Amino acid sequence: MSNNTTGLSGPTRLQPPNNCQNLRRLDRFLRYNYLRGAFKPACNISITFTDGKNRKQVPVKKDNGQMVMNPLFHSQETIAGNVCIEPYQGKKVEHNGVKVELLGQIEMYFDRGNFYDFTSLVRELDVPGEIYENKAYPFEFPTVEMPYETYNGVNVRLRYLIMFVFGIISETILNFASFVFVIFRYVLKVTVTRGYAGSIVEYQDFVVRNYSPLPPINNSIKMEVGIEDCLHIEFEYNKSKYHLKDVILGKVYFLLVRIKIKNMDLEIRRRESTGAGANTHVETETLAKFELMDGAPVRGESIPVRLFLTPYDLTPTHKNINNKFSVKYYLNLVLVDEEDRRYFKQQEITLYRLKDESS
Amino acid sequence: MRRLAGVEDEEKWLAEGIAGIQHTAFFMHRALDANNLREVLKYSALMLSELRTSKLSPQKYYDLYMRAFDELRQLEVFFKDESRHGLPVVDLYELVQHAGNILPRMYLLCTVGSVYIKSKQAPSKDVLKDLVEMCRGVQHPIRGLFLRSYLAQVSRDKLPEIGSEYEGDANTVMDAVEFVLQNFTEMNKLWVRIQHQGPGTVREKQEKERNELRDLVGKNLHVLGQIEGVDLEMYKETVLPRVLEQVVNCKDELAQYYLMECIIQVFPDEYHLQTLETLLAACTQLMVGGLSDLSVLPLTILPTVDTKIVLTQLMDRLSNYAASSPDVLHEFLQVEAFAKLSNAIGKVIDTQIEMPIVGAMTLFVSLLTFTLRVHPDRLDYVDQILGACVVKLSSVPKLEDARAMKQVVALLSAPLEKYNDIVTALTLSNYPRVMDHLDDGTNKVMAMLIIQSIMKNNSCISTADKVEVLFELIKGLIKDLDGTDTEELDEEDFQEEQNSVARLIHMLDNEEPEEMLKIICVVRKHLMTGGTRRLPFTVPPLVFSALRLVRQLDSQGGDITGEEVSATPRKIFQILNQTIEVLSSVPCPELALRLYLQCAEAASDCDLEPAAYEFFTQAFILYEEEIADSKAQVTAIHLIIGTLQRINVFGVENRDTLTHKATGYSARLLKKPDQCRAVYACSHLFWVDDIDGIKDGERALLCLRRALRIANAAQQMSNATRGSSGPVTLFVEILNKYIYFYEKGNPHITPSDIQSLIELINTEMQSDDNGNRRTHSDPFFTSTLRYIRFQKQKGGLIGDKYDLIKL
């Protein structure tokens, strides 16, 4: 679903702001991903990308839990397109200028509603004047440095967006029903600046994903752990760095088993930490729970590990993004005994996005 | 948790499980119909999750498993058809591995794996290897066993064995073997592990449950046995060592016993033969582990691995194999099967002190059976086995176990049956030593068996040495053994035994008189120890055997009689005399008398007058001194008369003495009719119808007259005592004698004598008008008269003679 089509169907779906209490309607707002703040919007703004038809779209989970498809970009790509302003029948749009901004934003859990722009590029599209008829502005951000990926986490959301500003900024809508604690996004923001009437703003989210090269050093993880006279195991994962469609291979070797083990699981855990110093906030989430073994092994038994990462919603590891947050992944090997006691060992792994993936 | 549950609970849980499977299977079918892969995977995984239960006993779990198994078949059909789910099978193979729970994941993986192999998009060996490796994740014994048995089942027709479509450059039969071996190893480990689960109190139940599961494990060996292309080399180098390693190392009695049994049953005989050493080495290593377990659970008495059964089975199989075709025998020789088996058994017996004697014996029997089948020509092997047996038997106190005894009997009978010839058995030096260890009863049974074997096969024992051995073997029958309570013996059995011995004596024969004499001496020596109860049975055959020798010597004539030859009739008669003498003291005078008479006759045939005379003397002495019973006397005197009549060796003087004695005794019999008959019988002593026979007609007539007198007296006595007529029969009998002698030409018998006798009889019959008597004597008399008339009519020389008799 592209914004072009939503833009065209705009008039029939236009809702006055005082209806914002109506959640159903609010949903619709969010679904179409465009924000309208004006009581009487004078125009419809749509943003299209030059290669919008061919560009890959990836699903992104919105605040309300719905999936939308957003175009995908990579760092160093040129982001170009058109901004189309269509005044409604018989209306003219007076403005003090039209600009498009490319923003990289972070929104934090503890600082909700406040987007911190870590990237901001501006293109002035028009000098102050009036728009009577449909008008298209091409824009281009050549070779944009977008070092961070879009990230929707428990704590962080990072987004890039292109934003139009048109009259009243109504970003407060984001505060409704937002369950995401951290947003890291890229967005294009188009702003039609007006004086007293307030600016008209339009946003277009897009997704940034960055590929990493194959890590030059990728050692296996091998470790012997245990509880004295109780349980000794040695486990091995074939690598310490996995790409997102990788498969974790390894084995768990039982050196000593004196407890009655019921089963053994391998968990993938994600740890988001935001803030710094005293403000550091850490959230850990178990993304995968994969049973490796059923029943009690005996000494000398070696249990194979083979975990495909594909089915899980993973992102690359992020280290200290803009001094704001980090995302780390851990493999947690958990042994559960018959009294449901858990014995575990957690090992950090690095996740990265490999180039030759399909997404 | 399960252990505490009752049967009802289990039923309930099973029902729940089945219901769960049915429920999810319904949704799975719907998804299958809709070709919705995602839903299919979701519901099939859900369905398979029912198998994750720990609450069921193996039996019940099997029920549940079978339900799921049926559903998996449909799933497989779906996976096979790419057009239905739209994924290449390789992707499918990955996709099913996304399942979070291992058990459903593995069942699905196995199912897809089998489709994967079938599609030939990957080398079957790789897929198989992957599957068998990944199954390691299920360590729960029962769940793991069933999972792996599922794997074995779906992969059975996809192994890259020779001739299979899955065999190719990269996939060799070795891969198939490797796969099955690994699966087997893992299954066995799981199976063995069941015993370590749960408390010891339910151990018995657990063992029972384990037993129910054993076929799941054994199935793998079965498959191994069936894989096409496992040649001897591979079997020897790979299959057997790996399997045995597992068997030995699992240190579990149940498993070891069952698996050894499997190995022996599923692989071909010739493989066993060629790998005998390995196999036997493993056998001797069993058990060792079993003992250590005992210490863990001292309260439970564990059955130790029955090595003997395992070995026995092995040997039985090899024996049958050897018996199946003579062509394979050289293979046995090649691998020195006997030596290896023998060694192994020795080792087993030595190391397993606690093995009951019956076990050791069973082993020996099997080994012996094997030897007899494979090396029928190697008596030394047989002897060796018996020797080992003796050693074992000597190490224990007197054998009392009835079963062990039975085994020993079997051990001893085997050579008899095989060789059908006791002679062979007699050359086995250890044979008697084994017999020594039997108790008396069994010893007798065994002796009987030996005799029966001889009888059945009509084998002739022809040297004194062998006879010596043989009698040593059957001494239980020959004499009372120490401590035997003779009272307990059943009379019928005893007779049966002794009759057998008697029959046996007849089987001892040698053409060579010298040797035969030796045999007789040996037999005599043994028999003489038999005691009073046995002698009456055993002496007669011995005597007759000796007499046969005598006659043989006699028929050969005197030309063989040299100075140094001991086998002379004279010598034999001396022996006989001594032998029978013993018998007379038993006391068994009638029998002794008969034997004396037999000997006398034989001596007479040999022209040994003194010997014959001596025998007669002995007979008469017996008659006089020992035979008191009047009936016995009658019989004896008739025997004496009969024998004497036939003997023609005596000179006049001796003969007179003897005949005189005989006549004298005849006349002194108690009852008149007996006297009468004996006396007229004596008449034959004087008239032998022979060319050179004695023809003393006068004395014959005298005898007849005397008989008539006695008959008369008898009749008078009868009249006096009972008032009825006497025995006309006697007269008729005497008449017949008259007629006989007349016919034979005794000049002293005249027609008038006969006529007067006939008249006399007629008168007697008339004088007594008693109907009974008349009818009784009538037929005999009438037929006598008819005979006379007939002879008259016949004419000729005899007819002329008879014509003189007027009727």
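Definitions and limits used
- Residues numbered from 1 in each chain as written.
- Chains lettered and ligands numbered in written order.
- Predicted model: local features only at pLDDT ≥ 70, side-chain atom pairs only at ≥ 80, totals over all residues.
- Heavy atoms only, no water.
- Pairing = 2+ DSSP bridges.
- Helix = DSSP H or I, 4+ residues; strand = E, 2+ residues; numbered from the N terminus.
- Axes fitted to C-alpha atoms, helices over the stretch in contact; angles between N-to-C directions.
- Contact = heavy atoms within 4.5 Å.
- Buried area = accessible area lost by both parts, 1.4 Å probe.
- Salt bridge = Lys/Arg side-chain N within 4 Å of Asp/Glu carboxyl O.
- Polar contact = N/O pair within 3.5 Å; in protein donor to acceptor, adjacent residues only side chain to side chain.
- Core = buried A, V, L, I, M, F, W, Y, C linked by side-chain atoms within 4.5 Å.
- Buried < 20%, exposed > 50% of the residue type's maximum accessible area, 1.4 Å probe, protein only.
- pLDDT = per-residue confidence, 0-100.
- Phe/Tyr/Trp six-rings, centres within 6.5 Å; stacked < 30°, edge-to-face > 60°.
- Lys NZ or Arg CZ within 6 Å of the ring centre and 35° of its normal.
- Patch = residues over 30% accessible without salt bridge, like charges linked within 9 Å, V, L, I, M, F, W, Y side chains within 5 Å.
- Areas by Shrake-Rupley, 256 points an atom, 1.4 Å probe, with all protein chains shown as cover.
- Lys, Arg positive; Asp, Glu negative; His and termini not counted.
- Charge placed at Lys NZ, Arg CZ, Asp CG, Glu CD.

### Focus on the sheet that holds strand β14 (residues 221–227) of chain A
All names here are of chain A. If you trace the four strands from one edge of the open sheet to the other, you get β14-β15-β17-β20, paired in antiparallel fashion. The open sheet has two edge strands, β14 and β20 (302–308), and neither has a second partner. The sheet shows a mean angle of 20° between the axes of neighbouring strands, direction not considered. For strand β17 (residues 247–257) and β20, the ladder comprises seven bridges, and the chain directions are antiparallel. Along β20, the bridge assignment pairs Y253 with S302.

### Digging into the interface of chain A and chain B
Across the contact, 19 residues belong to chain A and 22 residues belong to chain B. Taken together, both faces of the contact between chain A and chain B bury some 1700 Å²; the carbon and sulfur share is 48%. Its largest share of buried area at the contact with chain B, chain A owes to A:E291, A:D294 and A:R306, together 36% of the area lost on that side. One can count five salt bridges joining chain A with chain B. With a closest N to O distance of 3.6 Å, A:E291 and B:R52 form a salt bridge. Along the contact surface separating chain A from chain B lie twelve residue pairs in polar contact (both at pLDDT 80 or more). If you list the elements that add at least two residues to the side of chain A that touches chain B, you get β19 (281–294) and β20 of chain A. Counting residues per element, the side of chain A that touches chain B draws most heavily on β19(A), which supplies six residues.

### Things to note about the nonpolar core
The biggest cluster of nonpolar side chains holds 277 residues, and the ones touching the most others in it are B:I263, B:Y431 and B:F573. Considering every element that reaches this core, the biggest residue donor is helix α19 (residues 357–374) of chain B, with twelve residues. One finds A:I85, A:L125, A:L244 and A:L292 within the second-largest nonpolar core, a separate group that totals 71 residues.

### Focus: the pattern of salt bridges
Taken as a whole and judged by the stated rule, the model has 35 salt bridges over all chains. For B:R136, the salt bridge identified is with B:E133, shortest N-O distance 2.8 Å. By relative accessible area, B:E133 is classed as partly exposed at 27%. Two residues, B:K340 and B:E277, come together in a salt bridge whose shortest N-O distance is 3.6 Å. Of this pair, B:K340 sits in helix α18 (residues 337–351) while B:E277 sits in helix α14 (residues 276–285), and the two are 63 residues apart along the sequence. Salt bridges sharing common partners tie together A:E301, B:E133, B:R136, B:E186, B:K189 and B:R193.

### As for the confidence of the model for chain A
Residues and elements named next belong to chain A. On average, residues of chain A carry a pLDDT of 76, and 75% of them reach 70 or more. Summarising per-element confidence for chain A, the mean pLDDT is lowest in helix α1 (residues 3–8) (32) and highest in β20 (94). The low-confidence segment residues 1–39 (pLDDT under 50) makes 57 contacts with residues lying over four places distant or belonging to another chain.

### Considerations on the packing of aromatic side chains
Scanning the entire structure with this criterion turns up 31 aromatic pairs over all chains. Geometrically, the ring pair formed by A:F118 and A:Y148 is edge-to-face, given 5.6 Å between the ring centres and 65° between the ring planes. A residue pair is termed long-range when its members are at least 10 positions apart, and A:F118 in strand β7 (residues 115–126) and A:Y148 in the loop between β9 (135–141) and β10 (151–166) qualify at 30 residues. With centroids separated by 5.9 Å and ring planes inclined at 35°, the aromatic side chains of B:Y65 and B:F69 adopt a geometry described as tilted. With B:Y65 and B:F69 both in helix α3 (residues 58–80), this residue pair falls four residues apart, about one helical turn. Both residues of the pair, B:Y65 and B:F69, count as buried. In this structure an aromatic cluster arises from ring pairing among B:Y61, B:Y62, B:Y65, B:F69, B:Y107, B:F146 and B:Y150. Positioned above the aromatic ring of A:Y203 is the side chain of A:R185, whose terminal nitrogen or guanidinium carbon lies 5.8 Å from the ring centre.

### Observations regarding a negative patch on the surface
There is a patch of like negative charges on the surface, built from B:D490, B:E492, B:D493 and B:E496. For B:D493, the location among the structural elements is in helix α27 (residues 491–506).

### Quick word on the pairing of β20(A)
Counting buried positions over the seven residues of β20(A) gives seven, a clear majority of the element. Where burial is concerned, the two faces of β20(A) agree: the one with A:S302, A:P304, A:R306 and A:F308 and the one with A:I303, A:V305 and A:L307 are both buried.

### So, the environment of A:V100
Along the chain, A:V100 falls in strand β6 (residues 97–108). Separated by 37 residues in sequence, A:V100 and A:Y137 have C-alpha atoms that sit 9.6 Å apart.

### Structural notes on a positive patch on the surface
Residues and elements named next belong to chain B. Taken together, R668, R705, R706 and R709 make up a surface patch of like positive charges. Mapped onto the secondary structure, R706 falls in helix α36 (residues 697–722). For R706, a relative accessible area of 34% corresponds to the partly exposed category.

### Things to note about the sheet that holds strand β1 (residues 43–49) of chain A
Residue and element names in this part refer to chain A. An order of β1-β4-β9 is seen for the three strands of this open sheet, with the pairing classed as antiparallel. Every interior strand has two partners, whereas the edge strands, β1 and β9, have only one. Taking the axes of each pair of neighbouring strands and ignoring which way they run, one obtains an average angle of 20° across the sheet. Taken together, the seven bridges between strand β4 (residues 79–87) and β9 define a ladder with antiparallel strand orientation. For V83, the partnering residue across the bridge sits in β9 and is Y137.

### Some thoughts on the pairing of β4(A)
Residue and element names in this part refer to chain A. Where burial is concerned, most of β4 is hidden: seven out of the nine residues are buried. Sheet topology places β1 next to β4; seven bridges connect them, and they run antiparallel. Residue pairing for β4: I47 is matched across the bridge by V83.

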